[in-house]
Amino acid sequence: MELLLAISIGLLYAAGIFMILRRSLVRLILGLILLGNGANLLIFLLGRIEKGKPPVIPEGSTILEAYADPLPQALILTAIVISFGLQAFAIILVKRAYRVVKTDDIDEMNTTEEELV
Amino acid sequence: MNTNLLILPIIMPLITAIVLLFFWFRPNRQKYISLVGHILSVLVAIPIFLEAMKGTILTMAVGNWAAPFGIVYVCDAFSGALVLLTSLVGLAVGIYSNAAIQSKRASYGYFPLVHFLLMGLYGSFLAGDIFNLYVWFEVIIIASFVLITLGGEKAQLEGAVKYVTMNLLASVIFLTGIAVLYGILGTLNLADLSLKVSESPHRALINATAILFLVGFGIKSAIFPLYFWLPDSYHTPPTPISAIFGGLLTKVGVYALIRIFSLLFIGDPFIRDLLSWIAVLTMISGAFGAIVSYNLRKIFSYLIVSHIGFMIAGLALFSPIAIAGAAYYMMHDIIAKTNLFLVGGTIYKIKGQLHIDRVKGLFSQYPYLSIVFALAMFSVVGTPPLSGFWPKIMLLKGSFAMDNMWIIVGILLATFLTLWAMVRIWSKSFWSTEANEEKTTGRYQEMTTSQRRLLIGPILFLLAISLFLGFGAGYVSQMCSLIADQLMDSDTYVNAVLGITNLPEIQN
């Protein structure tokens, strides 16, 4: 399970960075989404995967027994909500930028680099 | 010392922003409410600043959950000073935007967004938990995303695409760093991390994580190979927005770098060498950018990049005087850069354009105003006795003590190039008058006297603070050596956060 997750995280990061390096705006957004998901899975994996163990330690038992760490889940939840908001904004931004600039090619978005006259 | 005062700087802008949302369709009333909110924030920040300057580290455990498990807010002298400066910059920009923001933009929620942005800034300066710091960073970037696109002009949208992409990327890298750090050490509290990092056997893995943090914060603070988004986007939004971005947003990245590296990762020779090279290259490349640009605001954007290098240099040297210099420089830079953008915006209002070859004869038309602008511009350079001078002396002293010649060369060259950029603006736009000058005018001539006061007042206000930072150098450098002592000695920070609530050791 750990190995599978590790490989898929690596794939998500690789695919995400590859997509960001493309010139199309839509792929840029897809790349960012993949990267975000990769990071969430990474937190999940690094929080140690415990199968079938409760996150709550019953009264009277020792802490030595295996238990699931609830914190990574809370972190991922926060990160998912945040990235959802940001990605929604980014999608709208790309749509507006496409309408105004009339191109999908990032290389042609260079008005800000020219000296404004 | 445990105090609930620390939540107030975060709550105050939140309440203001929520109240402002109720006045969505009445931008004129929003102006007054927003101003009241800014003033209240300053009033809240003052007691925190004074308390922090006594040398006590203020802490607050949210929901009364003990330190390594719950979220804590921590305010040492560094955070206290930054909170106060943020509120002062917020007030100045708040006054300025009353005259400078068009009602079209105000009706799309400019005022509430500024307060949400300030809330994020206060939160990041006070956060004592690394994931909480991430969340505050996200609060900042979502507010700044909307602010940078507000109005939706072509240049703005193009700048925003770059800004949004780089910031989202930086957040993902930061989050990756947090995930790895949590995986190795099993805690998120900064003080607790600081303890566990020094005990951890996984030295190599921790250093690799340090690089993740360096890249993540480096994108946000615009250090050498990662700054190209900044000069492409900071000059696109209206003046008050770029003023607040230029003054504060990059400094949050630097703050996070200084905080994380002084608490967790410093001491590794590779990282310190890397930081000093980055510092030198940031200073020089930013300054070269400034002298080849012709758009006033673009010159100022490059100067932001260049001067980030000074603070990174202080962190790289990591001796008491260098850290004090970096903290001093940061305070000066927050005030001076905001003021620089306000000056640029006012020149735009007067002349209707920003190309330094086309803006002519400011000095002959507005002599007194020009003197004010000159003071603001030359305090950025650090002409003695203006505020930029003393921190540079401290940094130079620090680098001589460490025998780091490249940082000395970098500081001197970058300062000289900054002077060059400013003198170029001064001689081209202020002094020269040409017979065939195009007579273009901005909105300034149509403004009433009270509106003009709203534009000039904040510049004078920030200039006064900047002059205080220069002439009150004795007081400020004492303050900065306190900051440096606290940053150098991470034990005081750790004890203040964990000391009172230290739980019995758990065997594992």
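Further up the page is the structure itself.
Rules and cut-offs
- Within any chain, residue numbers begin from 1 and follow the written order of that chain's sequence.
- Chain labels run from A onward and ligand labels from 1 onward, assigned in the order the entries are written.
- Local features in this predicted model are restricted to residues of pLDDT 70 or higher, and side-chain atom pairs are both shown and tallied only at a pLDDT of 80 or more, whereas totals for entire chains, interfaces and linings draw on every residue.
- As a rule here, side-chain values come from all non-hydrogen atoms in the structure, and water together with hydrogens is ignored.
- Labels follow the DSSP assignment, with helices taken as runs of H or I lasting at least four residues and strands as runs of E lasting at least two, numbered in each case from the N terminus.
- The reference for a compact globule is 2.2 Å times residues^0.38; the radius of gyration itself is calculated from the C-alpha atoms.
- Buried residues are those whose accessible area, probed at 1.4 Å on protein chains only, stays under 20% of the maximum for their type, while exposed residues exceed 50% and partly exposed ones sit between those limits.
- Throughout, the Shrake-Rupley method with a 1.4 Å probe supplies accessible areas, and for residues the shown protein chains are the sole cover considered.
- Positive charges are assigned to Lys and Arg, negative charges to Asp and Glu, while His and the chain termini are left out of the count.
- Every charge is mapped onto a representative atom, which is NZ of Lys, CZ of Arg, CG of Asp or CD of Glu.
- Salt bridges are identified by distance alone: a Lys or Arg side-chain nitrogen within 4 Å of an Asp or Glu carboxyl oxygen.
- Where helices are involved, their axes are fitted lines through C-alpha atoms of the stretch in contact, as for all axes, and angles between N-to-C directions lie from 0 to 180°.
- Should the near helix be turned counterclockwise from the far one by less than a right angle, the crossing is left-handed, whereas a clockwise turn marks it as right-handed.
- Whether two residues are in contact is decided by their heavy atoms, any of which lying within 4.5 Å being enough.
- Three categories are distinguished: nonpolar for Ala, Val, Leu, Ile, Met, Phe, Trp, Tyr, Cys and Pro, charged for Asp, Glu, Lys and Arg, and polar for the others, with Gly belonging to the last.
- Summed over both partners, buried area is the accessible surface (1.4 Å probe) that two parts give up on being assembled.
- Think of a polar contact as two N or O atoms within 3.5 Å of one another; within protein, one of them needs to be a possible hydrogen donor and the other a possible acceptor, and neighboring residues in sequence only count if both atoms come from side chains.
- By convention, a stacked pair of Phe, Tyr or Trp rings (six-membered ring in the case of Trp) has centres within 6.5 Å and planes under 30 degrees apart, an edge-to-face pair has planes over 60 apart, and any other such pair is tilted.
- Only when the NZ atom of a Lys or the CZ atom of an Arg is both within 6 Å of the ring centre and within 35 degrees of the ring normal do we say a charge sits over the ring.
- Here the angle decides the label: under 35 degrees means roughly parallel, over 145 means roughly antiparallel, 65 to 115 means roughly perpendicular, and every other value means oblique.
- Residues enter patches when their relative accessible area tops 30% and they take part in no salt bridge; the joining distance is 9 Å for like charges and 5 Å for the nonpolar side chains Val, Leu, Ile, Met, Phe, Trp and Tyr.
- Residue types Ala, Val, Leu, Ile, Met, Phe, Trp, Tyr and Cys, when buried and joined through side-chain atoms within 4.5 Å, form a set referred to as a nonpolar core.

Thoughts on the overall build of chain B
Looking only at helices and strands, chain B features 21 helices and two strands. Taken against the 2.2 N^0.38 rule, which gives 23 Å for 508 residues, the C-alpha radius of gyration of chain B at 22 Å falls within 12% of a compact globule. Evaluated residue by residue, chain B yields a buried proportion of 67% over its 508 residues. Accessible surface, chain B as shown: approximately 17,200 Å² in total, 67% of it carbon and sulfur. A distance of 14 Å separates the average location of the 29 positive side-chain charges in chain B from that of its 22 negative side-chain charges.

Overview of the pattern of salt bridges
Evaluated as defined, the whole model comprises nine salt bridges over all chains. In this structure, Lys162 of chain B and Asp232 of chain B form a salt bridge, with 3.7 Å as the shortest nitrogen-oxygen distance. Taken together, the residues Lys162 of chain B in helix α7 (residues 154–185) and Asp232 of chain B in helix α10 (residues 229–233) connect sequence positions 70 residues apart. The pair formed by Lys162 of chain B and Asp232 of chain B is uniform in burial state, with each residue classed as buried. Where salt bridges share partners, they join Arg23, Asp105 and Asp107 of chain A into one cluster.

Re the packing of helix α14 (residues 320–351) of chain B against helix α16 (residues 367–381) of chain B
Residues and elements named next belong to chain B. The geometry of α14 relative to α16 is characterised by a closest axis approach of 9 Å and an angle of 145° between their N-to-C directions. As α14 packs across α16, the resulting crossing turns out to be left-handed. Together, Tyr329, His332, Ala336, Lys337, Asn339, Leu340, Val343, Thr346, Ile347 and Ile350 of α14 and Leu369, Phe373, Ala376, Met377, Ser379 and Val380 of α16 make up the contact between the two elements. Across the contact of α14 with α16, the residue classes break down as 11 nonpolar, four polar and one charged.

A look at the interface of chain B and chain A
Tallying the contact residues gives 41 residues for chain B and 41 residues for chain A. For the pairing of chain B and chain A, the buried interface totals around 3,500 Å² over both sides, and the portion due to carbon and sulfur atoms is 75%. Taken as a group, Glu158, Val161 and Tyr182 of chain B account for 17% of the area that chain B buries against chain A, more than any other trio of residues on that side. At the boundary of chain B and chain A, one finds zero salt bridges. Along the contact surface separating chain B from chain A lie three residue pairs in polar contact (both at pLDDT 80 or more). Only α6 (130–149) and α7 of chain B provide two or more residues apiece to the side of chain B that touches chain A. A per-element tally of the side of chain B that touches chain A places α7 of chain B first, with 19 residues. Of the residues assigned to the side of chain B that touches chain A, the class counts are 22 nonpolar, 12 polar and seven charged.

So, the packing of aromatic side chains
Residues and elements named next belong to chain B. Scanning the model with the defined rule gives 29 aromatic pairs over all chains in all. Judged by centre distance (5.0 Å) and plane angle (75°), the ring pair of Tyr110 and Phe111 falls under edge-to-face. Comparing Tyr110 with Phe111 shows no difference in burial state: the two are buried. Taking the centre distance of 5.7 Å and the plane angle of 75° together, the rings of Trp229 and Tyr234 count as edge-to-face. Take Trp229 and Tyr234: they sit in the same class, and that class is buried. Members of the aromatic cluster, joined through ring pairs, are Phe131, Tyr134, Phe137, Phe174, Phe213, Phe217, Phe261 and Phe265. Above the ring of Tyr294, the side-chain terminus of Arg424 is found at 5.1 Å from the ring centroid.

Overview of the packing of helix α2 (residues 27–53) of chain B against helix α3 (residues 77–100) of chain B
Geometrically, a packed helix pair is captured by the angle between its two axes and the distance between the axes. All names here are of chain B. Where α2 contacts α3, the axes come no closer than 8 Å and their chain directions differ by 160°. In terms of orientation, α2 lies roughly antiparallel with respect to α3. Of the two possible hands of crossing, α2 and α3 adopt the one that is left-handed. Contacts from Lys31, Leu35, His38, Ile39, Ser41, Val42, Ala45, Ile46, Phe49, Ala52 and Met53 in α2 reach Ala77, Gly80, Ala81, Val83, Leu84, Ser87, Leu88, Gly90, Leu91, Gly94, Ile95 and Asn98 in α3. Of the residues belonging to the contact of α2 with α3, the class tally is 15 nonpolar, seven polar and one charged.

Things to note about unusual backbone geometry
The phi torsion of most residues other than glycine is negative, and most of the peptide bonds are trans. Residues and elements named next belong to chain B. For the bond running from Pro384 to Pro385, omega is 5°, close enough to zero to count as cis. Mapped onto the secondary structure, Pro385 falls in the loop between α16 and α17 (389–402). For Asn64, which is not a glycine, the phi torsion comes out positive at approximately 60°. For Asn64, the location among the structural elements is in the loop between β1 (58–61) and β2 (72–75). The phi torsion at Phe318 lies on the positive side, around 50°, for a residue other than glycine. Mapped onto the secondary structure, Phe318 falls in the loop between α13 (296–317) and α14.

Some thoughts on a nonpolar patch on the surface
Residues and elements named next belong to chain B. Residues Trp277, Leu281, Phe288, Trp406, Val409, Leu413, Phe416, Leu419, Trp420 and Val423 make up a contiguous nonpolar surface patch of about 950 Å² in total accessible area. Put simply, the parts of the chain that give the nonpolar patch at least two residues each are α12 (269–292) and α18 (405–431). Looking at which element gives the most residues to the nonpolar patch, the answer is α18, with seven residues. Assignment of secondary structure puts Trp420 in helix α18.

Digging into the environment of Ser432 of chain B
Residues and elements named next belong to chain B. Assignment of secondary structure puts Ser432 in the loop between α18 and α19 (449–471). Distance from Ser432 to Ser364, taken between C-alpha atoms, is 8.9 Å for residues 68 residues apart in sequence. Not counting residues within four places of it along the chain, the set of residues in contact with Ser432 comprises Lys360, Gly361 and Ser427. Looking at Ser432, its side chain comes within polar contact range of the main-chain oxygen of Lys428, at 2.6 Å.

Considerations on the side chain of Ser306 of chain B
Residue and element names in this part refer to chain B. Among the structural elements, Ser306 can be located in helix α13. The exposure class assigned to Ser306 is buried, which follows from its relative accessible area of 0%. For Ser306, the contacting residues outside a window of four places in its chain are Thr282, Met283, Gly286, Ala287 and Ala414.

With respect to helix α8 (residues 190–199) of chain B
Residues and elements named next belong to chain B. Listed as buried for α8 are Leu190, Ala191, Asp192, Leu193, Ser194 and Val197. Buried residues belonging to α8 abut α6, α7, α9 (203–221), α11 (239–265) and α21 (490–498). For α8, the capping residue at the N-terminal end is Asn189, with a side-chain oxygen 2.9 Å from the backbone nitrogen of Ala191.

Details of the nonpolar core
Grouped together as the largest cluster of nonpolar side chains are 233 residues, with contacts concentrated most on Ile130, Phe245, Phe261, Phe265 and Met422 of chain B. Other than its neighbours up to four places away in sequence, Phe245 of chain B contacts Leu117, Ser144, Leu147, Ile148, Tyr163, Tyr234 and Thr250 of chain B.

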